[in-house]
Amino acid sequence: MKFFTKTTAMFLALFFFALVGFSTPKHESYNVSDPENCRLSFSVVSDSHIEGNNLPRFKSFTALLGGIKANERKNDAVVFLGDNTMNGQDIENLLFSGAILRADFKTPVLAVEGNHDVGNGEGDYNKLTKRFLSYTNNAFDLGIDKPYYYKEIGGYCFIVLSSEWYEGNEVHGFSDEQLLWLDSVLQKATVAGKPTFVFGHYTFWEVKSANYVLYDILTKYKNVFYFHGHNHADFDEYSLSYFSGTAIINLPRWDNIPDKETSLNGNTGAGVFVEVYDDRVVVRGRDFITDRNLAKKTYTFDGNNYDY
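All values derive from a computational prediction rather than experimental measurement. (Residues numbered from 1 in each chain as written. Predicted model: local features only at pLDDT ≥ 70, side-chain atom pairs only at ≥ 80, totals over all residues. Heavy atoms only, no water.)

Student: Please set out the environment of T196 residue by residue, giving values where relevant.
Tutor: Take T196: it is sitting in strand β8 (residues 196-199). A relative accessible area of 0% places T196 in the buried class. Considering only alpha carbons, one finds T196 and Y221, 25 residues apart in sequence, at a separation of 9.5 Å. (Helix = DSSP H or I, 4+ residues; strand = E, 2+ residues; numbered from the N terminus. Buried < 20%, exposed > 50% of the residue type's maximum accessible area, 1.4 Å probe, protein only.)

Student: An account of helix α4 (residues 125-140) is requested, with residue identities and associated values reported.
Tutor: Spanning 16 residues, α4 covers 22 Å between terminal C-alpha atoms, matching the ideal 22 Å at 1.5 Å per step. In terms of burial, α4 is largely enclosed, as twelve of its 16 residues are buried. Every buried residue of α4 is accounted for by Y125, L128, T129, R131, F132, L133, Y135, T136, N137, N138, A139 and F140. The positive-phi residue at the C-terminal boundary of α4 is D141, with phi of around 55°. (Expected span 1.5 Å × (residues − 1).)

Student: Explain the pattern of salt bridges to me, and be specific about the residues and the numbers.
Tutor: Evaluation of the coordinates by the stated rule reveals eleven salt bridges. Among the ionic contacts, a cluster of salt bridges with common partners joins D34, D279 and R280. (Salt bridge = Lys/Arg side-chain N within 4 Å of Asp/Glu carboxyl O.)

Student: Describe unusual backbone geometry, naming the residues involved and giving the relevant values.
Tutor: In this structure, D47 takes a positive phi of about 55° despite not being glycine. Topologically, D47 is positioned in the loop between β1 (40-45) and α2 (55-69).

Student: Tell me about the confidence of the model for the protein chain, and please be specific about residues and values.
Tutor: Overall, the prediction assigns the protein chain a mean pLDDT of 83, with 80% of residues at 70 or greater. Low pLDDT, under 50, characterises residues 259-267; the predicted model gives this stretch 22 contacts beyond four residues in sequence or across chains. (pLDDT = per-residue confidence, 0-100. Contact = heavy atoms within 4.5 Å.)

Student: Please set out the nonpolar core residue by residue, giving values where relevant.
Tutor: Formed by 62 residues in total, the largest nonpolar core has its most connected members in F42, F61, F158, F197, F199 and F227. Looking at this core, the element that brings in the most residues is α2, giving six residues. Other than its neighbours up to four places away in sequence, F199 contacts F42, V44, V79, L81, V112, F158, I159, V160, L161, Y226 and F227. (Core = buried A, V, L, I, M, F, W, Y, C linked by side-chain atoms within 4.5 Å.)

Student: Describe in detail the pairing of strand β14 (residues 281-287), supporting the description with residues and values.
Tutor: Here β14 lies mainly inside the structure; seven of its seven residues are buried. Judged by which residues are buried, β14 turns out to be covered on both faces: V281, V283, G285 and D287 on one side and V282, R284 and R286 on the other are all buried. With seven bridges connecting them, strand β13 (residues 270-276) and β14 associate as antiparallel partners. Its bridge partner lying in β14, F273 is registered against R284. As consecutive antiparallel partners, β13 and β14 are separated by four residues. (Pairing = 2+ DSSP bridges.)

Student: Could you give an account of the sheet that holds strand β11 (residues 240-243), naming the residues involved and the relevant values?
Tutor: Spatial strand order, β4-β5-β8-β10-β12-β11: six strands in an open sheet with mixed pairing. What marks the edges here is a single partner per strand, and that holds for β4 (149-153) and β11. Ignoring strand direction, the axes of neighbouring strands in this sheet form an average angle of 20°. Of the pairings in the sheet, the one linking strand β10 (residues 224-228) to strand β12 (residues 246-250) comprises five bridges and is parallel in character. By the bridge assignment for β12, H228 is matched with N250. (Axes fitted to C-alpha atoms, helices over the stretch in contact; angles between N-to-C directions.)

Student: I'd like a description of the packing of helix α3 (residues 90-103) against α4, backed by residues and values.
Tutor: One can describe the packing of α3 onto α4 by two numbers: an axis separation of 10 Å at closest approach and a directional angle of 20°. Of the possible angle classes, the one that applies to α3 and α4 is roughly parallel. The crossing of α3 and α4 is right-handed. Facing D90, N93, L94, F96, S97, I100 and L101 of α3, the residues of α4 in contact are R131, Y135, A139 and F140. By residue class, the composition of the contact of α3 with α4 is seven nonpolar, two polar and two charged. (Parallel < 35°, antiparallel > 145°, perpendicular 65-115°, else oblique. Left-handed = near helix turned anticlockwise from the far one by under 90°. Nonpolar A, V, L, I, M, F, W, Y, C, P; charged D, E, K, R; others polar.)

Student: Requested: an account of α2, with residues and values cited.
Tutor: Helix length check: α2, at 15 residues, gives a terminal C-alpha distance of 22 Å against a target of 21 Å (1.5 Å per residue), a fit within 8%. Those residues of α2 not exposed but buried are R57, F58, S60, F61, T62, A63, L64, L65, G66, G67 and I68. Sitting at the head of α2, N54 places a side-chain oxygen 3.0 Å from the backbone nitrogen of R57. (Polar contact = N/O pair within 3.5 Å; in protein donor to acceptor, adjacent residues only side chain to side chain.)

Student: Hey, could you go over the packing of aromatic side chains for me, with residue numbers and the actual values?
Tutor: A complete count under the given rule lists 17 aromatic pairs for this structure. Ring geometry for F61 versus F80: centroids 6.2 Å apart, planes at 55°, classification tilted. With F61 in helix α2 and F80 in strand β2 (residues 77-80), this pair connects stretches of sequence that are 19 residues apart. Pair check on accessibility: F61 and F80 agree, each one buried. An aromatic cluster is built from F42, Y156, F158, F197, F199, F225 and F227, whose rings are joined through pairwise contacts. The ring of Y30 carries the charged tip of R286 above its face, separated from the ring centre by 4.2 Å. (Phe/Tyr/Trp six-rings, centres within 6.5 Å; stacked < 30°, edge-to-face > 60°. Lys NZ or Arg CZ within 6 Å of the ring centre and 35° of its normal.)

This is the structure in structure tokens:
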């Protein structure tokens, strides 16, 4: 089944490439600011919203993947923050995973489950979560049995969160079990003082739980970075907030910044590129389609404060 899923995804992606008459463009390479001392680098994008009848978006998405891959140092991980598909359909999951498999990152790929991946309030949550897990495991070899999980990459902890039930588009339920698990993982991951990276689809204000609050757990520890999407916000000075040692990075939908002069399909490929050093973490806004750093979107953290 694993071989079949990967083969089918790759074949369908190639078919769509042929249908739009498109090959991945060449990209200018980019690199970390201090290659000699960089311990880890990874890229994050959000809200891919791949749908089977939207060829222009698929075309731009493949260009964005090529831009991510142009990292000279090589990404240690690539993370997708949920709403990877528009409706959680099989063809959408095949196109999403097939395009990433074709990009051949040769590095861990982590996927977050978003509300659109489970029907956006109109689908069978349990059925679509099983589908998400099946495609995620088969495409990216994660070996997970729940949509929340963690992986150690390059000596750093990467934690992925997921809604377990929802009320429409705005209230997303986390079980006490998941939040207690998060607290336990963070306690162990932060004891050595290294930065810890947490990825979810929703802002912590939108998370509902019976007895625990996501904000309280995230801000309980120092040098924690929480990346989320969902609300398709602009990429500006409000994309980052800082609470008691925890950095909150709010990513836009990747194609949410209009730039008709220089990009495919009238949109850019916004995301962040993260550099990790012994004494700081640099979060850099980057357009992965037009190969440029986004002005005034670079944040540097030293574990206690940030500057940009």
